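# Geometric and topological summary
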Amino acid sequence: MIIREIGRAEPVQVFGIYWIENERFYWVIPYDGYGGLMALNDREVNVVDSSLSRDLILCKDGGGRGHDSALGSGRFD
């Protein structure tokens, strides 16, 4: 999946998606040289390519708190 943060020119690859209640967040590396992952709210981005990797790991929150996740196996090249 590829998204573009509103206000930025370059799109970025999504490495994970998670939901807290009814809000969706994307884990991305926002630019080259950034020292980790950043979480972006669904309202802060435009989806460029919505296709998902076949290598997703889906995690369901067993506690019923609405914290579900989808983790990709994207490469950090």
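Refer to the structure printed above.
Here the structure is a predicted model, which is why all the values come from computation and not from measurement.

### Digging into the overall build of the chain
- Of the regular secondary structure elements, the chain holds 0 helices and 7 strands.
- The order of α-helices and β-strands along the chain, N terminus first, is β-β-β-β-β-β-β.
- By residue count, 25% of the 77 residues in the chain fall in the buried class.
- The long-range fraction of contacts in the chain, counting pairs at least 24 apart against all pairs at least 6 apart in sequence, stands at 42%.

### Considerations on the pattern of salt bridges
- Under the counting rule described, the total for this entry stands at 2 salt bridges.
- Between Arg-43 and Glu-23 there is a salt bridge whose closest N-O contact spans 2.9 Å. One end of the pair, Arg-43, is in the loop between strand S4 (38-41) and strand S5 (45-49); the other, Glu-23, is in strand S3 (residues 23-28), with 20 residues separating them in the sequence.
- Accessibility expressed as a relative area gives 65% for Arg-43, which makes it exposed.

### Notes on unusual backbone geometry
- One non-glycine residue with positive phi stands out, namely Glu-21, at about 55 degrees.
- The residue Glu-21 is located in the loop between strand S2 (12-20) and S3 in this model.
- For Glu-21, a relative accessible area of 62% corresponds to the exposed category.

Each value, and the rule that gives it
Residues numbered from 1 in each chain as written. Predicted model: local features only at pLDDT ≥ 70, side-chain atom pairs only at ≥ 80, totals over all residues. Heavy atoms only, no water. Helix = DSSP H or I, 4+ residues; strand = E, 2+ residues; numbered from the N terminus. Buried < 20%, exposed > 50% of the residue type's maximum accessible area, 1.4 Å probe, protein only. Contact = heavy atoms within 4.5 Å. Salt bridge = Lys/Arg side-chain N within 4 Å of Asp/Glu carboxyl O.

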